[in-house]
Amino acid sequence: MGLFRSHRTWVHMRNLIRTCLEEAVGHLAADVAADILPEVVVEPPRDRQFGDFASNIAMQLARVLKRNPRDIAVELAAMLGEREDIAAVDVAGPGFINITLPPSAWTGQLRRIFQRGTRWGEDEGGRGRRVMVEFVSANPTGPLHIGHGRGAAVGDSLVRILRKAGYTVISEYYINDAGNQMETLGRSLQRRYLELAGEINESYPETYYQGEYLVDLARRLREERGTELVDPTDPDASLPLFTEYAGRLILDGISDDLAAFGIRFDNWTSEKQLFEDGRVDRLIAELRERGQLYEQDGALWFPASRMGDEKDRVVVRSNGVKTYFASDIAYHRDKDERGFDVMVDVWGADHHGYVPRLAAALQAVGIDSARFVVILVQLVSLMRGEQPVAMSTRAGQFVTLREVIDEVGKDAARFFFLMRRPDSHLDFDLELAKSQSNENPVYYVQYAHARICSILRTAAEKGVAIPQTAAFDLSSLHLEEELELIRKLDAFPVVVETAAAVFEPHRVSYYVSELAALFHSYYNRHRVVSEDGAVTAARLVLVQAVRNILQSGLELLGVDAPESM
RNA sequence: GCGCCCAUAGCUCAGCUGGAUAGAGCGUCUGACUACGGAUCAGAAGGUCGGGUGUUCGAAUCAUCCUGGGCGCGCCA
């Protein structure tokens, strides 16, 4: 059986090598129960001199087989070495198996990658499993700030990555439009409105929302309705109108800001709606039926402490008001009923204390909490060069996402948010993000893409045919830099798969940066378009493949891949 | 006080869930096209992976303790 004659023509090399090793291990350990055999892991070696791939399986097997790892490695290597399509197999160190493929294997792989185009990296790993990714979900009480921006970038990129990895994904925004914060919002707008009408003399209360945007909304309301909403006898009567007005316009603004950030949600779910159509009540009834509620001090409690949380939590307050916790359980019960295998929630890290209680509650209504994944995104420190930018939500002084997008651009903002692990603190430097210099990593990647486009334009101007297929001889691609590029392209599906599995978009950011670096280096050393027709054609195939992967990698981050800059 | 997260080069951070001599960008220093875009490239210097103990063939990675920083501990959302 030929190693590279797979029924799936788009399989990356690493998986093929793994399959080969698994076969060999099967022969070697035929009498060992399969379930105690260690998983075969194949990865690039630390040092390229060791070859294309390395596996530590012999050392893992040593434990099970109770044999010297080097002996095992030698035997496995002997089996692999018989294959014609493997150039060399070596045993090194304590028992690493190092595998080298012939250049023809790599050019053959390049051909497949090229023909796959921007679909290279699409995988079936998700097997169509249904995932909901819920993110942002900010209260419609004010514009999105920069912290929301990070959550938005992470959530949206996760959606893109999961889709690429073969999952069926729905993105959703949960609108927290119920509760007393909305009432406070209404009162705040009402107050600003009355101030405009000259009805108020006292200073604006500290407990109200402080942002300037409420003054703008009040002006707008006044333009639309004049002073007809001034009702000195019964201010509460018109309060719902203010609340509804503020909530609706702020949510529209949030939606616009997200659109400017390249984000469109598949679905929006209203918390208020959950209350109004009885889903919250049904959930509470369900908890009661399952014996998961008790009454104390006039309130209804969920015994979360029985399932790992610090203390029990109130579901219905003694005044009859249902808590946010209640609606949140109901919301996740609803997600479950909509048939999602996995529910991913992207939250600010300051909500981490909330995770155990919700996980416990889901478990209590029969939802395996392993299906509930919370990605905690750490807060963002905004910097302007060395100087921290002061932000205080309370004082209404915060930098909005919109301001950041306007100042540094969507691409830089998204890339910066996705450069770090979600659970790592992020310093966001506005000056750096804005600078069109070599300090800025966004341009580095985009420039690589634009440069390739430029090469293709040059080739076209010179009358060189741009290869549309790779169905010709690529054997002139034998330089180490060229093989290195192909290996990197080959690894893209692994990056997508891993980023999806561990919910870490920053892996894609690193990948595209590394791929761009390999390309820039190659570009500076070797000409693509030259007098040699065969070499030119082969190199055009290579750089076009690089372009495709840069493009789809950036696509996963929601960053544009410009043809010129 | 209890819980969660973090600690890796001067700075900002990766490290492919336990592998070989710990990497990248920025900054610093030295260099590179009269050719496809110099927003680029080549090279150098820079480390007790916060500290201790443990687990094993093998630890930045796992366990545990300590130190230091962030966050959370409401009948708020």
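Our structure is the block above this text.
Since this is a predicted model, take the numbers as computed values, not measurements.

1. Examining the overall build of chain A
Tallying secondary structure elements over chain A gives 19 helices and 15 strands in all. Projected onto the principal axes, the alpha-carbon positions of chain A cover approximately 90 × 65 × 40 Å. Relative to its 565 residues, chain A shows a buried fraction of 51%. Restricting the contact set of chain A to residue pairs at least 6 apart, pairs at least 24 apart contribute 73%. Roughly 26000 Å² of accessible area belongs to chain A as shown, and the carbon and sulfur atoms make up 47% of that amount.

2. Considerations on the sheet that holds strand E2 (residues 53-55)
Reading across from one edge, E1-E2-E4-E3 is the order of the four strands in this open sheet, with antiparallel pairing throughout. Only two strands of the sheet have a single neighbouring strand rather than two, namely strand E1 (42-43) and strand E3 (88-92). With two bridges connecting them, E1 and E2 associate as antiparallel partners. Its bridge partner lying in E2, Glu43 is registered against Ala54.

3. Some remarks on helix H4 (residues 103-116)
Here H4 spans 20 Å end to end across 14 residues, near enough to the 20 Å set by a 1.5 Å rise per residue. In this structure, the buried residues of H4 make contact with helix H1 (13-28), E2, helix H17 (480-502) and helix H19 (533-557). Count one or two residues on from H4 and you reach Gly117, which has phi positive near 60°.

4. Let's talk about the packing of aromatic side chains
Using the criterion set out here, one finds 19 aromatic pairs in the structure. Taken together through their ring pairs, the aromatic side chains of Phe302, Tyr324, Phe325, Trp347, Tyr354 and Phe372 make up a single cluster. Its guanidinium or amino end placed over the ring of Phe340, Arg130 lies 4.6 Å from that ring's centre, counting from NZ or CZ. If you follow Arg414 out to its NZ or CZ, it ends over the ring of Phe261, 5.4 Å from the centre.

5. With respect to the protein's contact with RNA strand B
Near RNA strand B, the surroundings consist of 67 residues, among which Arg46, Phe96, Arg317, Tyr444 and Ser454 are the closest. Sugar plus phosphate: this is where 64% of the atoms of RNA strand B within 4 Å of the protein reside. The separation between a sugar or linking oxygen of RNA strand B and a polar side-chain atom of Gln181 is 2.5 Å. Between RNA strand B and the protein, one listed contact pairs a phosphate oxygen with a side-chain N or O atom of Tyr444 at 2.3 Å. Secondary structure elements with two or more residues in the surface near RNA strand B: helix H2 (57-65), strand E4 (96-100), helix H6 (180-196), strand E9 (299-302), helix H16 (441-461), H17 and helix H18 (506-525).

6. Overview of the nonpolar core
Of all hydrophobic cores here, the largest spans 146 residues; its most connected members are Phe417 and Phe428. Tallying contributions element by element places H19 first for this core, with 12 residues. Look past the residues within four positions of Phe417 in its chain and what remains in contact with it is Ile146, Gly149, Arg150, Ala153, Phe261, Val380, Leu401, Leu426 and Phe428. By size, the runner-up hydrophobic cluster in this structure holds 32 residues, among which are Leu300, Ala359, Ala361 and Ala364.

7. So, the packing of H2 against helix H3 (residues 69-81)
Closest axis-to-axis distance for the H2/H3 pair is 8 Å, and the angle between their directions is 120°. It follows that H2 is oblique to H3 by the angle criterion. Between H2 and H3 lies a crossing whose hand is right-handed. Residues Ile57, Ala58, Met59, Leu61, Ala62 and Leu65 of H2 form the contact with H3, whose own contacting residues are Pro69, Ile72, Ala73 and Leu76. Grouping the amino acids of the contact of H2 with H3 by side-chain chemistry returns 10 nonpolar, no polar and no charged.

8. Observations concerning the pattern of salt bridges
Scanning the model with the defined rule gives 45 salt bridges in all. One salt bridge in this structure joins Arg333 and Glu286, with 2.5 Å as the shortest N-O distance. Here the residue Arg333 occupies a position in helix H11 (residues 324-337), and Glu286 occupies one in helix H10 (residues 279-289), the gap between them amounting to 47 residues. For Arg333, a relative accessible area of 12% gives the class buried. For Arg539, the salt bridge identified is with Glu482, shortest N-O distance 2.9 Å. Of this pair, Arg539 sits in helix H19 while Glu482 sits in helix H17, and the two are 57 residues apart along the sequence. Through salt bridges with shared partners, a single network forms among Glu286, Arg290, Arg333, Asp336, Glu337 and Arg371.

9. A look at the side chain of Glu484
Topologically, Glu484 is positioned in helix H17. Judged by relative accessible area, Glu484 falls into the buried class, the value being 19%. Excluding residues within four positions of it along the chain, Glu484 makes contact with Arg48 and Leu518.

10. A look at the packing of H11 against helix H12 (residues 355-364)
Between H11 and H12, the least distance of the axes is 10 Å, while the angle of their chain directions is 55°. The angle between H11 and H12 places the two elements in the oblique class. Crossing of H11 over H12 shows right-handed handedness. Across the interface between the two elements, Phe325, Asp328, Ile329 and His332 of H11 pack against Arg357, Leu358, Ala361 and Leu362 of H12. Of the residues in the contact of H11 with H12, the class split is five nonpolar, one polar and two charged.

11. A few points about the environment of Ile57
Summarising the element assignment, Ile57 is placed in helix H2. Under the relative-accessibility criterion, Ile57 is labelled buried at 0%. Taking the C-alpha atoms as reference points, Ile57 and Val508, separated by 451 residues in sequence, lie 27 Å from one another.

12. Details of unusual backbone geometry
Despite not being glycine, Ser137 has its phi angle at roughly 50°, a positive value. Note that Ser137 resides in the loop between strand E5 (130-134) and helix H5 (146-164). Even without being glycine, Phe503 reaches a positive phi, approximately 55°.

13. Quick look at the sheet that holds strand E8 (residues 294-296)
Spatially, E8-E9-E10 is the arrangement adopted by the three strands of the open sheet, whose pairing is antiparallel. Both outer strands of the open sheet, E8 and strand E10 (313-316), are each paired with one neighbouring strand and no more. Pairwise comparison of adjacent strand axes, ignoring direction, gives a mean angle of 50° for this sheet. One ladder, built from three bridges, connects E9 with E10; its direction is antiparallel. Bridge pairing in E10 links Leu300 to Val316.

14. What to know about the pairing of E3
In terms of strand pairing, E3 meets E4 through five bridges, oriented antiparallel. Bridge pairing in E4 links Val91 to Ile97.

Conventions adopted
Residues numbered from 1 in each chain as written. Chains lettered and ligands numbered in written order. Predicted model: local features only at pLDDT ≥ 70, side-chain atom pairs only at ≥ 80, totals over all residues. Heavy atoms only, no water. Helix = DSSP H or I, 4+ residues; strand = E, 2+ residues; numbered from the N terminus. Buried < 20%, exposed > 50% of the residue type's maximum accessible area, 1.4 Å probe, protein only. Contact = heavy atoms within 4.5 Å. Areas by Shrake-Rupley, 256 points an atom, 1.4 Å probe, with all protein chains shown as cover. Pairing = 2+ DSSP bridges. Expected span 1.5 Å × (residues − 1). Phe/Tyr/Trp six-rings, centres within 6.5 Å; stacked < 30°, edge-to-face > 60°. Lys NZ or Arg CZ within 6 Å of the ring centre and 35° of its normal. Near = heavy atom within 4 Å. Polar contact = N/O pair within 3.5 Å; in protein donor to acceptor, adjacent residues only side chain to side chain. Core = buried A, V, L, I, M, F, W, Y, C linked by side-chain atoms within 4.5 Å. Axes fitted to C-alpha atoms, helices over the stretch in contact; angles between N-to-C directions. Parallel < 35°, antiparallel > 145°, perpendicular 65-115°, else oblique. Left-handed = near helix turned anticlockwise from the far one by under 90°. Nonpolar A, V, L, I, M, F, W, Y, C, P; charged D, E, K, R; others polar. Salt bridge = Lys/Arg side-chain N within 4 Å of Asp/Glu carboxyl O.

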